[in-house]
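An overview of the molecular structure
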Amino acid sequence: MSNIANVLIVDDNETNRNLLNKMILALGHIPVPANNGLSALTQLNEKPIDIVLLDILMPEMDGYEVLGRIKSHPGLSDIPVIMISAVDDIDSVVRCIGQGAVDYLVKPFNATLLETRIESCLENKRLRDREKQMYAELTELHEELKINYETLRKAEQARDAMSHMIIHDLRSPLTTIQGFIQIMQHRRDEKTIIDYIPRILGATKNMAMLIKSILDISRLEAEKMPVSLVSLNILELINDVYEPFIPQADKEGIQLSVEPESRDIVVAADKELMSRILQNLINNGLKHTKDYVKISVTPQDDSIIISVTDNGPGIPEKYKVKIFDKYFRIEAGKDRKKYGVGLGLAFCKMAIEAQKGSIYVESEEGKGSSFNVKLNIVKAD
Ligand code: ADP
């Protein structure tokens with residue numbers, strides 16, 4: 001509130017009203033006159049009034065009733081009311097103070113007293129407003145703290161769940177390795193050793209891959225993964241990545257193809273990260289598909305969309321965003337086997353976003369999925 005106050009003067013006596021009007025103006029405030037109780041209540045509902053000067057004796061609706069209505073109205077009850085009374089009517093003033101009036105002013109009016117009362121009301125109001133504002137700020141801060149605490153608690157729970165998952169995922173290949181070594185120790189023959197060493201190596205490879213994925217994701221999250229955007233011919237990159245998958249696809253009877261796109265399209269990307277994103281998507285496609293995985297490139301305005309499409313079980317609608325979360329895996333089911341630890345797509349999302357691109361999935365349950373990577377095209381100068 002500024003230092004200029006809107007002062008409502010409620011008095012049926014015109015001379016008193018005019019006099020108070022002048023005095024209020026002289027004090028630098030804005031007088032708002034009302035010649036009866038009803039008009040006072042109307043003005044209070046229509047204008048922002050800071051102080052009310054209220055005569056007690058008025059026809060129809062007297063000062064007590066006006067005061068009572070102000071004090072029982074939730075939007076008005078905080079407005080300070082100063083009663084106007086005759087010198088010999090102190091009993092009425094006492095009654096009004098009991099009803100919530102803050103002070104009184106006797107007739108004939110004294111300018112200094114009026115000023116002191118108005119200033120003291122304004123000071124009280126300022127203090128109350130400040131108190132209210134501080135209370136509101138504290139409540140907001142408290143709410144913020146509650147939300148932060150809740151976020152921290154959830155993050156802690158998620159971290160605990162992840163630690164459990166990592167421990168579990170590292171323990172199973174470790175148990176396999178221990179088992180194989182115990183058998184080798186027991187049998188001590190060449191055939192067992194030749195037979196088991198590749199299996200042990202396979203299990204250690206899985207462990208190393210899991211550790212690498214965890215480290216890569218932490219580095220991407222901490223923005224510590226070196227990302228160097230260079231101009232890359234996307235078709236060359238796709239061919240380089242997809243060719244090594246051909247023997248595996250052939251062996252599993254899966255048709256792996258790149259849809260022909262004759263134009264040379266150059267994108268701004270990090271070669272190593274882009275290769276790994278495509279490897280992850282092709283790998284997922286091969287793991288989940290029924291019989292084909294198709295890679296296609298579609299230019300769109302200033303970007304291209306690389307899509308890896310399969311005809312596997314698809315992604316249920318409710319998981320379409322979640323599958324990009326760390327350690328999120330869809331439960332294994334009738335048509336869905338359990339693979340990996342749920343870090344592949346999280347890596348893809350972080351790695352593509354580090355290259356200013358994006359990734360999204362289009363999928364229909366039971367029909368297949370299309371994982372789409374969007375990247376910026378480099379325009380020729
Ligand atoms: P994982 O390494 O466990 O496969 P991802 O992050 O790559 O983890 O995938 C997360 C989840 O998304 C997996 O549980 C998998 O079931 C599902 N998913 C990923 N790719 C496909 C796909 N092409 N078709 C169907 N489901 C998929």
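To start, this report covers the structure provided alongside it. From a predicted model like this one, the values you see are computed outputs, not experimental measurements.

Before going further, it helps to examine the overall build of the protein. Counting its regular elements, the protein contains 10 helices and 12 strands. Radius of gyration (C-alpha) of the protein: 40 Å, far over the 21 Å computed for a compact globule of 381 residues. Seen along its three principal axes, the alpha-carbon backbone of the protein occupies a region of about 120 × 60 × 40 Å. Burial status across the protein gives 39% buried among its 381 residues. When the accessible surface of the protein is summed, it comes to about 22,400 Å², and 54% of that surface belongs to carbon and sulfur atoms.

Turning to the pairing of strand 3 (residues 51-55), a few remarks are in order. With five of five residues buried, strand 3 lies mostly within the body of the structure. Residues I51, L53 and D55 of strand 3 are buried on one face, and the alternating residues V52 and L54, pointing to the opposite face, are buried as well. Pairing between strand 3 and strand 4 (residues 81-86): four bridges, direction parallel. In the strand pairing of strand 4, D55 is matched with I84. Chirality of the crossover, the property in question, places the unit of strand 3, helix 3 (residues 63-72) and strand 4 among those that are right-handed.

With that out of the way, let us pick up the pattern of salt bridges. Within the structure shown, the criterion is met by 19 salt bridges. Of the charged contacts, one joins E65 and R69 as a salt bridge, the two residues approaching to 2.9 Å between their closest N and O atoms. With E65 and R69 both in helix 3 and four residues apart, this pair spans about one turn of that helix. R276 serves as the salt-bridge partner of E272, at 3.7 Å between the closest nitrogen and oxygen. One end of the pair, E272, and the other, R276, are both in helix 9 (residues 271-288), four residues apart, so they sit about a helical turn from each other. Taking relative accessible area as the criterion, E272 reaches 49% and is therefore assigned partly exposed. Of the residues examined, R276 reaches a relative accessible area of 16% and is grouped as buried.

Here S275 shows up in helix 9. Owing to a relative accessible area of 15%, S275 belongs among the buried residues under this scheme. Within the structure, S275 has its side chain in polar contact with the backbone oxygen of K271 (distance 2.7 Å). In this view, S275 contacts L237 and V241; residues no more than four positions away in its chain are not counted.

In spatial order, the strands read 2-1-3-4-5; together these five strands make up an open sheet with parallel pairing. Across the chains shown, the open sheet's two edge strands, defined by having one partner strand only, are strand 2 (30-34) and strand 5 (103-107). Between one strand axis and the next, the sheet turns through 25° on average, direction left out of account. Note that strand 1 (residues 6-10) and strand 3 share four bridges and pair parallel. Bridge pairing in strand 3 places L8 opposite V52. Contacting strand 1, strand 2, strand 3, strand 4 and strand 5, helix 1 (residues 14-26) crosses the sheet at an angle of about 165° to strand 2. Lying on the sheet, helix 2 (residues 37-46) is in contact with strand 1, strand 2 and strand 3; it crosses strand 2 at an angle near 135°.

Moving on to the sheet that holds strand 9 (residues 292-300). The five strands are arranged 7-9-10-12-11 in an open sheet whose pairing can be described as mixed. A strand with exactly one partner marks an edge of an open sheet, and here the two such strands are strand 7 (255-258) and strand 11 (358-364). Ignoring strand direction, the axes of neighbouring strands in this sheet form an average angle of 20°. Bridge analysis of strand 10 (residues 303-310) against strand 12 (residues 368-376) gives eight bridges, and the strand direction is antiparallel.

Moving on to the environment of K47. Within the secondary structure, K47 sits in the loop between helix 2 and strand 3. With relative accessibility at 39%, the residue K47 sits in the partly exposed group. Sequence separation of K47 and I323 is 276 residues, and the distance between their C-alpha atoms is 57 Å.

With that out of the way, let us pick up helix 5 (residues 111-187). Its 77 residues give helix 5 an end-to-end C-alpha distance of 112 Å, which sits within 8% of 114 Å, the value for a rise of 1.5 Å per residue. For helix 5, the capping residue at the N-terminal end is N110, with a side-chain oxygen 2.8 Å from the backbone nitrogen of T112. With its phi angle positive at about 55°, R188 sits one or two positions after the end of helix 5.

Attention now goes to unusual backbone geometry. Generally, phi is negative for residues other than glycine and the peptide bonds are trans, each holding for most cases. Here the amide bond leading from K107 into P108 is cis, since omega sits at -10°, within 30 degrees of zero. Examined against the element boundaries, P108 turns out to sit in the loop between strand 5 and helix 5. Within the chain, D301 stands out as a residue other than glycine whose phi angle is a positive 50°. Following the sequence through the fold, D301 ends up in the loop between strand 9 and strand 10. On the basis of relative accessibility, which here comes to 76%, the residue D301 falls in the exposed class. One non-glycine residue, K356, adopts positive backbone phi at about 65°. Position of K356 among the secondary structure elements: in the loop between helix 10 (344-353) and strand 11.

Reading the values: the criteria
- Residues numbered from 1 in each chain as written.
- Predicted model: local features only at pLDDT ≥ 70, side-chain atom pairs only at ≥ 80, totals over all residues.
- Heavy atoms only, no water.
- Helix = DSSP H or I, 4+ residues; strand = E, 2+ residues; numbered from the N terminus.
- Rg over C-alpha atoms; globule rule 2.2 N^0.38 Å.
- Buried < 20%, exposed > 50% of the residue type's maximum accessible area, 1.4 Å probe, protein only.
- Areas by Shrake-Rupley, 256 points an atom, 1.4 Å probe, with all protein chains shown as cover.
- Pairing = 2+ DSSP bridges.
- Right-handed = clockwise from strand over helix to strand, strands pointing away.
- Salt bridge = Lys/Arg side-chain N within 4 Å of Asp/Glu carboxyl O.
- Polar contact = N/O pair within 3.5 Å; in protein donor to acceptor, adjacent residues only side chain to side chain.
- Contact = heavy atoms within 4.5 Å.
- Axes fitted to C-alpha atoms, helices over the stretch in contact; angles between N-to-C directions.
- Expected span 1.5 Å × (residues − 1).

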